[in-house]
Amino acid sequence: MDAARRAARRRPRPAGGRRRGARDRRRPRAAGAAGRRGRDGRARRAPAPPGGRAGSRGLRAGARCATRLRGVSTTAQSIELLAQVPVFEALAPADLLAVAEVAVPRQFPAGQVIFREGDSSDTCYVLSRGHVRAVRENIDGRTIALAHFGPGDIFGELAMFDDERRSATIETLDEVEAIGILGQDMRRLLREHPDISVKLVIALGRRLREANERLSRQSFQTVQSRVAGVLGQLVRQAQAEGAGQTDVLVTITQAEIAQLAGSSRESASRFLAVLERAGVVSQGRGRLTVHDPPALERYVY
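Before going into details, it helps to say that this report is about the structure given with it. The structure presented is a predicted model; accordingly, all values stated were derived computationally and were not measured.

## Details of the side chain of Ser263
Then comes step 1: Summarising the element assignment, Ser263 is placed in the loop between helix H7 (254-261) and helix H8 (265-277).
Then comes step 2: Overall, Ser263 belongs to the buried group, its relative accessible area being 17%.
Then comes step 3: Ignoring sequence-local partners within four residues, the contact set of Ser263 consists of Val223, Arg226, Val227, Ala258 and Ala268.

## Some remarks on the sheet that holds strand E11 (residues 287-290)
Then comes step 1: Here we have 3 strands laid out as an open sheet, ordered E9-E11-E10, and antiparallel in their pairing. The open sheet has two free edges, formed respectively by strand E9 (248-250) and strand E10 (281-284), since each of these has just one partner strand. Averaged over neighbouring strand pairs, the angle between their axes works out to 20° when direction is ignored.
Then comes step 2: In the packing of helix H6 (residues 223-240) onto the sheet, contacts are made with E9 and E11, and the angle to E9 comes to roughly 110°.

## Looking at the environment of Ala211
Then comes step 1: As for its placement among the helices and strands, Ala211 is situated in helix H5 (residues 194-220).
Then comes step 2: Judged by relative accessible area, Ala211 falls into the partly exposed class, the value being 37%.
Then comes step 3: Separated by 65 residues in the primary sequence, Ala211 and Leu146 place their C-alpha atoms 8.8 Å from one another.

## Focus on the packing of aromatic side chains
Then comes step 1: One pass over the structure, following the stated rule, counts 6 aromatic pairs.
Then comes step 2: A centroid spacing of 5.4 Å and a plane angle of 75° characterise the contact between Phe271 and Tyr299, whose relative ring orientation is edge-to-face. Pair noted here: Phe271 is in helix H8 and Tyr299 is in the segment after E11, with a separation of 28 residues, a long-range link.
Then comes step 3: Feature note: the residues Phe108, Phe115, Tyr125, Phe149 and Phe155 constitute an aromatic cluster, connected by ring pairs.
Then comes step 4: A cation over an aromatic ring shows up here: Arg166 above the ring of Phe115, its NZ or CZ 3.8 Å from the ring centre.

## With respect to the pattern of salt bridges
Then comes step 1: Scanning the entire structure with this criterion turns up 6 salt bridges.
Then comes step 2: Notably, a salt bridge pairs Arg129 with Glu175, separated by 3.8 Å at the nearest N-O pair. With a gap of 46 residues between them, Arg129 in strand E3 (residues 123-129) and Glu175 in the loop between strand E7 (169-172) and strand E8 (176-182) connect regions that are remote in the sequence.
Then comes step 3: A salt bridge links Glu256 to Arg133; its shortest N-O distance comes to 3.8 Å. Here Glu256 is found in helix H7, whereas its partner Arg133 is found in strand E4 (residues 132-137), with 123 residues between them in sequence. One exposure class covers both Glu256 and Arg133, and it is buried.

## Quick notes on the packing of H6 against H7
Then comes step 1: Close contact between H6 and H7 brings their axes to 9 Å; oriented N to C, the two are set at 110°. In terms of orientation, H6 and H7 fall into the roughly perpendicular class. Packed against H6, whose contacting residues are Arg226, Val227, Val230 and Leu231, the element H7 presents Ile257, Leu260 and Ala261 at the interface.
Then comes step 2: A class-by-class count of the residues in the contact of H6 with H7 yields 6 nonpolar, no polar and 1 charged.

## Thoughts on unusual backbone geometry
In terms of backbone geometry, most residues other than glycine have negative phi values and most peptide bonds are trans.
Then comes step 1: The phi dihedral of Asp247 falls on the positive side, at around 50°, and the residue is not glycine.
Then comes step 2: Tracing the backbone shows Asp247 in the loop between H6 and E9.
Then comes step 3: With relative accessibility at 48%, the residue Asp247 sits in the partly exposed group.

The rules behind the values
- All residue numbers here refer to positions counted from 1 along the written sequence of the relevant chain.
- Restriction of local features to residues with pLDDT of at least 70 applies here, the model being predicted, together with a cutoff of 80 or more for giving and counting side-chain atom pairs; totals for whole chains, interfaces and linings are based on all residues.
- Note that water and hydrogens are dropped before the side-chain values are worked out from all heavy atoms of the structure.
- Working definition: helices are DSSP H or I runs of at least four residues, strands are E runs of at least two. Numbering for both runs from the N terminus.
- Relative accessible area decides the class of each residue, using a 1.4 Å probe on protein chains only: under 20% of the type maximum gives buried, over 50% gives exposed, and in between gives partly exposed.
- Contacts between residues were defined by any pair of non-hydrogen atoms, one from each residue, lying within 4.5 Å.
- In this analysis, strands are considered paired if DSSP registers two or more bridges between them.
- To define axes, lines are fitted to C-alpha atoms, for helices over the stretch in contact only, and angles between the resulting N-to-C directions are given on a 0 to 180 degree scale.
- Between the rings of Phe, Tyr and Trp (Trp by its six-membered ring), a pair exists once the centres lie within 6.5 Å; its type follows the angle of the planes, with under 30 degrees stacked, over 60 edge-to-face, and the other angles tilted.
- Distance and angle both matter: a charge sits over a ring if NZ of Lys or CZ of Arg is within 6 Å of the ring centre and within 35 degrees of the ring normal.
- For salt bridges, the criterion is a side-chain nitrogen of Lys or Arg within 4 Å of an Asp or Glu carboxyl oxygen.
- Angles below 35 degrees are treated as roughly parallel, those above 145 as roughly antiparallel, those between 65 and 115 as roughly perpendicular, and all remaining angles as oblique.
- Note on residue classes: Ala, Val, Leu, Ile, Met, Phe, Trp, Tyr, Cys and Pro are nonpolar, Asp, Glu, Lys and Arg are charged, and everything else, Gly too, is polar.

Below, the structure is given as structure tokens:
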């Protein structure tokens, strides 16, 4: 009997067979919708989410609510920005809301042209973050920088009055956030709110005086005086944005300083070297630190 049992144990198993009595260890199918099938072989439909169709409507309503909340936040930020702009700062809260409701948030990467000289004039912009410059190009390819704008400045404002072509090209110097106001919307607001018209005329008059002063400096002042004056303006702009009283960092190249001063790059570079030896400034690649801003006044005459 023992010999018969040992022989049965040594008997080979059939191919693909299993031991009698062994449990079936096959892995069960996933309980997901893709793994469940009915007797007819068709895939069963996945169960509806909690709440059924009402739950789907709730999700869609929540998305619409989030969109509205983002819109309210944008309008509030636009009102806060407009209240800091000289053109709009004297307006009542209701008037600021009227302007903010027609404003459209815009974003531009560094080095992008917002509009070019000669383009149609249909939108004015108010900067909330970043810097841009206004330039004009001569037919021989030379470029002159007219002005630099920072947070709180408005540019393209001539679009508020007419649809004439752009008088200059606006380029971003870094990443820019702004709000745009269509000219036709702004002209409607000017008719409805005369206070905006008065403030806008004052702001344009200020721009005209700055242009006249610049022409006067280029006609009567030396290169050193003009460069020192440009640096003083850039320092005041940086301080208005939160820079300290000393060691003011200005992001600008020598070529741009020369353009703003109406001089050649070589002449501006020589005077910047004089200021650096005197310890007034220190230069880096595409930037300049003014250590002693009041000392610049000694070179303006």
